[in-house]
Amino acid sequence: MTDTRDTRPLVAGLLLAAGGGRRLGGRPKALLPHRGRPLVEHAVRELREGGCEVVHVVLGASAGLVRERALLPGCVLVDNPDWAEGMGSSLRAGLGSLAAEALPVDAALVSLVDQPGIGARAMDRVRSAYRSRASLVAASYHGERGHPVLFGADRWARVAASAVGDRGARDYLRAHRDAITLVDCSDVAEPYDIDTEADLAHLE
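Bear in mind that the values here come from a model prediction, so they are computed numbers and not experimental data.

Engineer: What exactly am I supposed to notice about the side chain of Ser-186 here?
Structural biologist: Within the secondary structure, Ser-186 is located in the segment after strand 9 (181-184). At 2.7 Å, the side chain of Ser-186 forms a polar contact with the backbone nitrogen of His-142. At 2.6 Å, the side chain of Ser-186 and the side chain of Asp-184 are in polar contact.

Laid out in structure tokens, this is it:
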């Protein structure tokens, strides 16, 4: 029998979970309680249930506490000492970690820890739109591009080079808008962020 693991593309989950929650009184977003557990656990579970067997998690603010308190078995935990510079540094750290992954990763499905309204069904839709190592795919909500975003491995170096400050991949996506495959997820997810005290009402 043929081992299909050797032939099907490997789309790894890349969770950016380094934020310090500046507008939340300095509480690291990864440790915000949601359904009785740290938010980072919820985010990892959604990636896994969305089809990502390999998951790398970029930690920054209070990384030591996250390692102590969160149960993240099987995940590759990536420390980003430059997390305060913004999301760009975390994206660079995460893509660098995936590039060093023992298994050949074909694409990264990037999600954010502070978007608990985006669950496994959206992850699966975007992941399933992978076509090649040059793929560039993003979820859309009522016509607006959002997360998760899939970057084929052939794009990682250029994405990382453009990821500066708190802009993440925004500049790269804007420059390559014509190459993006948009996948509507409006019916299965809500793309709100947990940024302020008022946003905590979204957590359960």
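Read on, since the account is not over.
Engineer: I keep staring at the confidence of the model for the chain and nothing clicks. Help me out?
Structural biologist: In low-pLDDT regions, the fine details of the predicted coordinates are not to be read closely. Looking at the chain, pLDDT values average 93 and 97% of them are 70 or higher. Taken as a whole, residues 1-5 scores under 50 in pLDDT and shows two contacts with residues more than four places along the chain or in a different chain.

Engineer: I keep staring at the nonpolar core and nothing clicks. Help me out?
Structural biologist: Grouped burial of nonpolar side chains is what soluble globular proteins tend to show. Counting 41 residues, the largest nonpolar core has Leu-15, Val-40 and Val-57 as its most contacted members. Only strand 1 (11-17), helix 1 (39-49), strand 4 (55-59), helix 2 (63-69), strand 6 (107-112), helix 4 (120-128) and strand 7 (136-141) provide two or more residues apiece to this core. Ranked by residues supplied to this core, first place goes to helix 1 with five residues. With near-sequence residues (within four places) excluded, Leu-15 lies in contact with Val-40, Ala-43, Val-44, Leu-47, His-56, Val-57, Val-58, Ser-111, Leu-112 and Val-113. In this structure, Leu-16, Val-54, Ala-108 and Val-149 belong to the second largest nonpolar core, which totals 27 residues.

Engineer: So what exactly am I meant to see when it comes to empty space enclosed by the protein here?
Structural biologist: Empty space left among the atoms is revealed by rolling a probe the size of a water molecule over them. Summed over the entire model, instances satisfying the criterion amount to one cavity of 30 Å³ or more. What the largest cavity holds in volume is close to 80 Å³. His-42, Ala-43, Glu-46, Ser-111, Leu-112, Val-113, Gln-115, Pro-116, Ile-118, Met-123, His-147 and Pro-148 are the residues that line the largest cavity. Elements with a contribution of two residues or more to the lining of the largest cavity: helix 1, strand 6 and strand 8 (144-152). Of the residues that constitute the lining of the largest cavity, the class distribution is seven nonpolar, four polar and one charged.

Engineer: Explanation requested: the packing of aromatic side chains in the structure shown.
Structural biologist: Centre distance and the angle of the planes are the two values used to describe a pair of aromatic rings. Following the criterion strictly, the structure yields one aromatic pair and no others. Look at Phe-151 and Tyr-172: their rings are 6.4 Å apart centre to centre, the planes differ by 75°, and that puts the pair in the edge-to-face class. You can see Phe-151 sitting in strand 8 and its partner Tyr-172 sitting in helix 6 (residues 170-175), a full 21 residues away along the chain. By relative accessible area, Phe-151 is classed as buried at 1%. Taking the relative accessible area as the measure of exposure, Tyr-172 reaches 4% and is therefore buried.

Engineer: Can you walk me through helix 3 (residues 87-99) in this structure?
Structural biologist: Because each turn of an α-helix spans 3.6 residues, side chains separated by three or four positions end up pointing in the same direction. Compared with an ideal rise of 1.5 Å per residue, which puts 13 residues at 18 Å, helix 3 spans 18 Å between its outermost C-alpha atoms and is within 8% of the ideal. Every buried residue of helix 3 is accounted for by Gly-88, Ser-89, Ser-90, Leu-91, Gly-94, Leu-95, Ser-97 and Leu-98.

Engineer: Looking at this structure, how should I read the pairing of strand 5 (residues 76-79)?
Structural biologist: Strand residues, when the strand is regular, have side chains that alternate between the two faces of the sheet. Across four bridges, strand 4 lies against strand 5 in parallel orientation. The residue bridging Leu-59 from the neighbouring strand is Asp-79, located in strand 5. Handedness of the β-α-β unit built from strand 4, helix 2 and strand 5 comes out right-handed.

Engineer: Help me out: how do you make sense of the pattern of salt bridges in this one?
Structural biologist: A side chain with one charge may pair with a side chain of the opposite charge, provided their charged atoms come close. One pass over the structure, following the stated rule, counts 14 salt bridges. As a salt-bridge pair, Arg-8 and Glu-53 come within 2.7 Å of each other at their nearest N and O atoms. Here the residue Arg-8 occupies a position in the segment before strand 1, and Glu-53 occupies one in the loop between helix 1 and strand 4, the gap between them amounting to 45 residues. Here Arg-92 and Glu-85 are joined by a salt bridge, their closest N and O atoms 3.8 Å apart. A network of salt bridges, in which partner residues are shared, links Lys-29, Asp-114 and Asp-195.

Engineer: I keep staring at the environment of His-176 and nothing clicks. Help me out?
Structural biologist: When you line up the elements, His-176 lands in the loop between helix 6 and strand 9. For His-176, a relative accessible area of 27% corresponds to the partly exposed category. Residues His-176 and Leu-150, 26 residues apart in the sequence, show an inter-C-alpha distance of 13 Å. Those residues in contact with His-176 that lie beyond four places of it in its chain are Leu-136 and Arg-155.

What counts as what
- Residues numbered from 1 in each chain as written.
- Predicted model: local features only at pLDDT ≥ 70, side-chain atom pairs only at ≥ 80, totals over all residues.
- Heavy atoms only, no water.
- Helix = DSSP H or I, 4+ residues; strand = E, 2+ residues; numbered from the N terminus.
- Polar contact = N/O pair within 3.5 Å; in protein donor to acceptor, adjacent residues only side chain to side chain.
- pLDDT = per-residue confidence, 0-100.
- Contact = heavy atoms within 4.5 Å.
- Core = buried A, V, L, I, M, F, W, Y, C linked by side-chain atoms within 4.5 Å.
- Buried < 20%, exposed > 50% of the residue type's maximum accessible area, 1.4 Å probe, protein only.
- 1 Å grid on protein atoms, 1.4 Å probe; cavity = no way out; pocket = protein on both sides within 12 Å on 5 of 7 lines; lining within 4 Å.
- Points joined across faces, edges and corners; volume = space filled by probe spheres on them.
- Nonpolar A, V, L, I, M, F, W, Y, C, P; charged D, E, K, R; others polar.
- Phe/Tyr/Trp six-rings, centres within 6.5 Å; stacked < 30°, edge-to-face > 60°.
- Expected span 1.5 Å × (residues − 1).
- Pairing = 2+ DSSP bridges.
- Right-handed = clockwise from strand over helix to strand, strands pointing away.
- Salt bridge = Lys/Arg side-chain N within 4 Å of Asp/Glu carboxyl O.

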